[in-house]
Amino acid sequence: MNNVNMRDNEELKTSISFIEQFITDDLKDGKNEGKVVTRFPPEPNGYLHIGHAKAICLDFGMAKKYGGKCNLRFDDTNPVKEEVEYIDSIKEDIHWLGFDWDDREYYASDYFGKLYDFATGLITRGLAYVDDQPADLISAQKGTPSQPGTESPYRNRPVNENIDLFERMNKGDFDEGSRVLKAKVDMTSPNMHMRDPIIYRIIKSPHHRTAGKWKVYPMYDFAHGQSDYFEGVTHSLCTLEFEVHRPLYDWFIDQLKEDDYRPRQIEFNRLNLTYTMMSKRKLLELVREGKVRGWDDPRMPTLCGLRRRGYTPEAIKRFVDLIGYTKVEAINDVSLLEHAIREDLNMRAPRVFGVLNPLKVIITNYPEGKVEDVELINNPEDETMGSRFVPFSREVYIEQDDFIEDPPNKFFRLAPGKEVRLKGAYIIKCEGFKKSELSGAIEEIYCTYDPDTKSGGKASDKKVKGTLHWVSSQHAVDAEVRLYDRLFSHEDPSGQKEDDYRKFLNPDSLKILTGCKVEPSLSAAKPLEKFQFQRLGYFCVDYDSTESKLVFNRTVPLRDTWGKINK
RNA sequence: UGUCCCGUGGUGUAAUUGGCAACACGUCUGAUUCUGGAUCAGAAGAGUUCAGGUUCGAAACCUGACGGGACAACCA
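Residues numbered from 1 in each chain as written. Chains lettered and ligands numbered in written order. Predicted model: local features only at pLDDT ≥ 70, side-chain atom pairs only at ≥ 80, totals over all residues. Heavy atoms only, no water.

Participant: Whenever I open this one, the sheet that holds strand 16 (residues 419–422) confuses me. Can you help?
Facilitator: Backbone hydrogen bonds hold the strands of a sheet together, and the pairing may be parallel or antiparallel. In space, the 7 strands of this open sheet follow the order 19-16-17-18-12-15-20, with mixed pairing throughout. Lying at the two open borders of the sheet, with one neighbouring strand each, are strand 19 (467–468) and strand 20 (471–472). (Pairing = 2+ DSSP bridges. Helix = DSSP H or I, 4+ residues; strand = E, 2+ residues; numbered from the N terminus.)

In structure tokens form, the structure reads like this:
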């Protein structure tokens, strides 16, 4: 699909998501004084992944589309799991995607004071109490989804006693786990979250922003909706699993609000990708256990991993746009993501020659020592990218796969007696080859070239079926190429009850090729620069790359209909 | 045995809010090509989980089944 068609499609796209429907309805009803405020609320306990990109595109996208604002708010209510390192990476990744929050950078920890006061107010109104029971007892009293809970013996503790205990909890008078503050809602509610939820617990680890100021920290349910309220958020968009939390979200807002305004929680489906695992906790395990080379390992679904792999923000946003927002728990095919990056890179990646598994071809009738600079188009999809000159000589490397001694039917490449074009240069004919007697491996190919067939020349209209990429051996630059395949061999690696996801790790997810040969124009390539290695795929310079040693990551191979036929 | 959410080609989404199911990915043909890519033309593939009901007319509304998911962390 070219650019023009893409634009047409977007214009033709008339449907809007159910979320957007809610927003436009609210606007029509004159709610929130016609304002739209959203927020993206990551917990700084890990790196952002492509699932977050889906949320980011929605949160920032809706705000932008309706002339509103989107806040970045770090949901940092649990100091034991959170680190500054993550805050920095999250900001970097959002910016990389192309979104910005200006000065609206907030932290749930900014509201610790307000939340504490609100909790105290609830106590005063008899709507919260300190529970001295151990965790397992409190949990047992909650009942089960099908059985109602029972009330804590501390449920009707006097207000002043609750106030005193809560204050002392925060001073550090009590051990972690010894007491909690709970909201007094309804122990018999069919919704588990309404059964006197814990709203504060004692944590003595220092917080990355407030250090040792607090000994008591609010739970998610007690912080999120209220933070939305404090910030004037109108539409609080989150994933489906928070649906059952909504009554509690609303309950707290009911206790808090002093006017007509209230934030509205709307839930959409989380992104699931085949052969991919999105759980931050499990991704962290992969990193810690050394199953991958870090958060930005190009096999990771993290934004930094995808970036290193060679993905562009445009492709990710395009992908997100294609999958949509619904309430159906869907599993998206990775091939759609791959389609998105191919579509993008096809338009913008310069074409180059790179030989992954070199096989030397000697053109016996080509003068020794002669070098011709042949002109090659940088990108047939985009004339403005111009052309470049690539040296051609008597000895070139081609891909080992491009020669077969005894070829199958319809094999258009090189074989004894067969002719192919070396792209941009000449048509050559295979006259012979050298084979290792020991291993049977092909060591060299001997060809002759037809001087009348130079590309662009007058007599160059001779047709051959196959065209090969090549690199002049004396001019070739050495490179390491890292080939990536899916990290897991199972479509849904973390969804198997019986089996741990580690069982499905694909042992061939990374292949490192060290003897690769690339054309000399690549010698100055810098990390993150993207290319199409012709006939092979899209490649991106890795951070490990240096002037003396080039390293490329394969982002995604080209579609390969021939490879499919021959499987 | 509870509450809430969801069921549309293989996959993901649409269906102008009740007017005889569309698009994208994928798959398969053919054309074209100095990338077995891209591009172009085309094909196959669902009668909307099922059964009732309302209606001139239902994927959509109602009822009931069936199937899937979420909820019992002092995580978010």
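Let us keep going from here.
Participant: For this particular structure, what's the right way to read the side chain of Asn71?
Facilitator: Here Asn71 lies in strand 2 (residues 69–74). A residue is classified by how much of its surface remains accessible, and Asn71, at 2% relative accessible area, is buried. Discounting chain neighbours no more than four positions away, the residues touching Asn71 are Val37, Thr38, Arg39, Phe40, Arg104, Tyr106, Glu231 and Val233. (Buried < 20%, exposed > 50% of the residue type's maximum accessible area, 1.4 Å probe, protein only. Contact = heavy atoms within 4.5 Å.)

Participant: Any chance you could explain the pairing of strand 8 (residues 235–239) here in plain terms?
Facilitator: Across a regular strand the side chains alternate sides, sitting on one face of the sheet and then on the other. Burial analysis of strand 8 places 5 of its 5 residues in the buried class, which makes it a mostly covered element. Every second residue of strand 8 is oriented toward a common face, with His235, Leu237 and Thr239 on one face and Ser236 and Cys238 on the other, all of them buried. Where strand 8 meets strand 9 (residues 264–268), 5 bridges bridge the pair, whose relative direction is parallel. Looking at strand 9, one finds that His235 is bridged to Arg264.

Participant: Would you mind going over helix 2 (residues 18–28) with me for this structure?
Facilitator: Turn by turn, an α-helix covers 3.6 residues, leaving residues three or four places apart pointing in a common direction. Within the sequence span of helix 2, burial applies to Ile19, Glu20, Ile23, Thr24 and Asp26. In a view along the axis of helix 2, the buried residues occupy a sector of 155°, so they form one face of it. For helix 2, the secondary structure elements touched by its buried residues are helix 3 (50–65), strand 8 and strand 9. One or two positions beyond helix 2, positive phi appears at Gly30, with a value near 75°. (Arc of directions from axis to C-beta.)

Participant: For this particular structure, what's the right way to read the sheet that holds strand 3 (residues 105–107)?
Facilitator: Spatial ordering of the open sheet is given by 1-2-3, a layout of 3 strands whose pairing is parallel. Here the strands that pair on one side only, and so sit at the sheet edges, are strand 1 (37–40) and strand 3. Going from strand to strand, the sheet's axes swing by 35° on average, the running direction of each strand aside. Pairing analysis gives 3 bridges linking strand 2 to strand 3, with the strands arranged parallel. What sits directly across from Phe74, in strand 3, is Tyr107. Helix 3 contacts strand 1 and strand 2 of the sheet and is inclined by roughly 160° relative to strand 1. Contacts from helix 8 (residues 220–231) reach strand 1, strand 2 and strand 3 within the one sheet, and its direction differs from that of strand 2 by about 140°. (Axes fitted to C-alpha atoms, helices over the stretch in contact; angles between N-to-C directions.)

Participant: Explanation requested: the nonpolar core in the structure shown.
Facilitator: Within soluble globular proteins, side chains that are nonpolar generally end up buried alongside one another. Ile50, Ile94 and Phe319 are the most contacted members of the largest nonpolar core, which has 48 residues in total. Put simply, the parts of the chain that give this core at least two residues each are helix 2, helix 3, strand 2, helix 4 (84–97), strand 9, helix 11 (303–309), helix 12 (313–323) and helix 13 (334–348). It is helix 3 that provides the largest number of residues to this core, a total of 9 residues. Excluding residues within four positions of it along the chain, Ile50 makes contact with Leu271, Leu273, Met278, Pro301, Leu303, Leu306, Ile316, Phe319 and Leu337. One finds Ala128, Ile199, Val233 and Trp251 within the second-largest nonpolar core, a separate group that totals 38 residues. (Core = buried A, V, L, I, M, F, W, Y, C linked by side-chain atoms within 4.5 Å.)

Participant: What am I meant to see in the environment of Leu505 here?
Facilitator: Mapped onto the elements, Leu505 comes out in the loop between strand 21 (477–484) and strand 22 (510–518). Residue Leu505 is classed as buried on the basis of its relative accessible area of 19%. Discounting chain neighbours no more than four positions away, the residues touching Leu505 are Leu286, Lys291, Leu487 and Phe488.

Participant: Help me out: how do you make sense of the pattern of salt bridges in this one?
Facilitator: Once the charged atoms of two side chains with opposite charge are near each other, the side chains can pair. Applying the stated rule across the entire model yields 52 salt bridges. The partner of Asp544 in a salt bridge is Arg308, and the shortest N-O contact between them spans 3.5 Å. Taken together, the residues Asp544 in the loop between strand 24 (537–541) and strand 25 (550–557) and Arg308 in helix 11 connect sequence positions 236 residues apart. Here Glu372 and Lys454 are joined by a salt bridge, their closest N and O atoms 2.8 Å apart. Highlighted residues: Glu372 in strand 13 (residues 372–377) and Lys454 in the loop between strand 18 (442–450) and strand 19, separated in sequence by 82 residues. For Glu372, a relative accessible area of 11% gives the class buried. Take Lys454: its relative accessible area is 26%, and that puts it in the partly exposed class. Linked through salt bridges whose partners overlap, the residues forming this network are Asp296, Arg308, Glu480, Arg482, Asp542, Asp544 and Lys549. (Salt bridge = Lys/Arg side-chain N within 4 Å of Asp/Glu carboxyl O.)

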